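# Structure assessment
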Amino acid sequence: SLKALVEAGHEICGVFTQPDKPKNRGHKLAFSPVKEYALSQNLPVYQPLKLRDGTALALVQELHPELIVVAAYGRILPEDILNMPPYGSINVHSSILPKYRGSAPINWAVLNGEKVTGVTIMYMAAELDAGDIIRVAETPIDPDEDAQTLTALLGADALVQTVHDLTAGTATRTPQEHDKHTYAPMLDKSMSPMDFTKPAQQLHNQVRGLIPWPCATMELNGASVKVYRTAGGEETAAAPGAVVEANKKGIAVACGDGKLLRILELQAQGGKRMSAAAYLAGHPIPVCL
């Protein structure tokens, strides 16, 4: 979103992003991708630890923005900041509101097997993701697309058009149908373990929806592995959880609906993401005949 605004020629008077966080084993402070890009464009960067102690408000007042744009900031802005700019404050939200309000809308759309998702540009309100809608852009969800690849340029394009409409005075404002809202809560590691008594399609959606974090997991040879890519397979009479095949085509596991789910990419603890065939070269798995 930031890059699209810069490339569209808008003057960015300030970029607010999360404080630097320790990363990897060395726990060195790492810049967010937003900060890295902002610095590469010589844009002023601000990383307030708190938003409600007056510090952030003072910064915004100094900057005198005409419009505030929020995209995946991960923190709730107080109303005194939201109400400051003459054009208001708008948010880029990765769902077709009022469905999937909350922090993980794309993940939940994939987890729930939705066929279509999208981006909503809305005015920000005190209640989470409940503001009036300015623009909606939809996109189909490919049957094998995961939550990470689905987070693409759709929101940036819709945002640039919205900013144009706001300055031209042609932006629309449509209240949400609040009685139809659903929530997309934060993901956590309790969602990772795969239960092979469930249908193969549901497990396929679980793998796709939990990328890049926390990732679906399964047990192989008594050890937990992360599962990154799967494909549906043919019907089977084997018991749920039984490994029916383990070869260069992947690891085929029987599921609760009598169908196979083929594991195509995985990652062992302490290892790298690899194809199932590469994993099997060093970790042979017994097959149920």
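These remarks concern the structure in this document.

Procedures and definitions
Residues numbered from 1 in each chain as written. Predicted model: local features only at pLDDT ≥ 70, side-chain atom pairs only at ≥ 80, totals over all residues. Heavy atoms only, no water. Pairing = 2+ DSSP bridges. Helix = DSSP H or I, 4+ residues; strand = E, 2+ residues; numbered from the N terminus. Axes fitted to C-alpha atoms, helices over the stretch in contact; angles between N-to-C directions. Contact = heavy atoms within 4.5 Å. 1 Å grid on protein atoms, 1.4 Å probe; cavity = no way out; pocket = protein on both sides within 12 Å on 5 of 7 lines; lining within 4 Å. Points joined across faces, edges and corners; volume = space filled by probe spheres on them. Nonpolar A, V, L, I, M, F, W, Y, C, P; charged D, E, K, R; others polar.

### Concerning the sheet that holds strand 8 (residues 133-140)
The four strands are arranged 5-6-7-8 in an open sheet whose pairing can be described as mixed. Of all the strands in the sheet, the pair left with one neighbour each is strand 5 (68-71) and strand 8. On average, adjacent strands in this sheet sit at an angle of 15° to one another, irrespective of strand direction. Here four bridges tie strand 6 (residues 89-93) to strand 7 (residues 116-123), and the two strands are oriented antiparallel to one another. Its bridge partner lying in strand 7, His93 is registered against Thr120. Contacting strand 5, strand 6, strand 7 and strand 8, helix 7 (residues 154-168) runs over the sheet at an angle of about 155° to strand 8.

### Focus: the layout of surface pockets
Counted as a void, the second largest pocket has a volume near 280 Å³. Residue lining of the second largest pocket: 14 residues in total, with Lys189, Pro214, Thr217, Lys226 and Gln269 positioned closest to the centre. When contributions to the lining of the second largest pocket are tallied by element, the ones reaching two or more residues are strand 10 (223-235) and strand 13 (259-268). Counting residues per element, the lining of the second largest pocket draws most heavily on strand 10, which supplies three residues. Grouping the amino acids of the lining of the second largest pocket by side-chain chemistry returns five nonpolar, seven polar and two charged.

The analysis is restricted to geometry; functional conclusions fall outside its scope.
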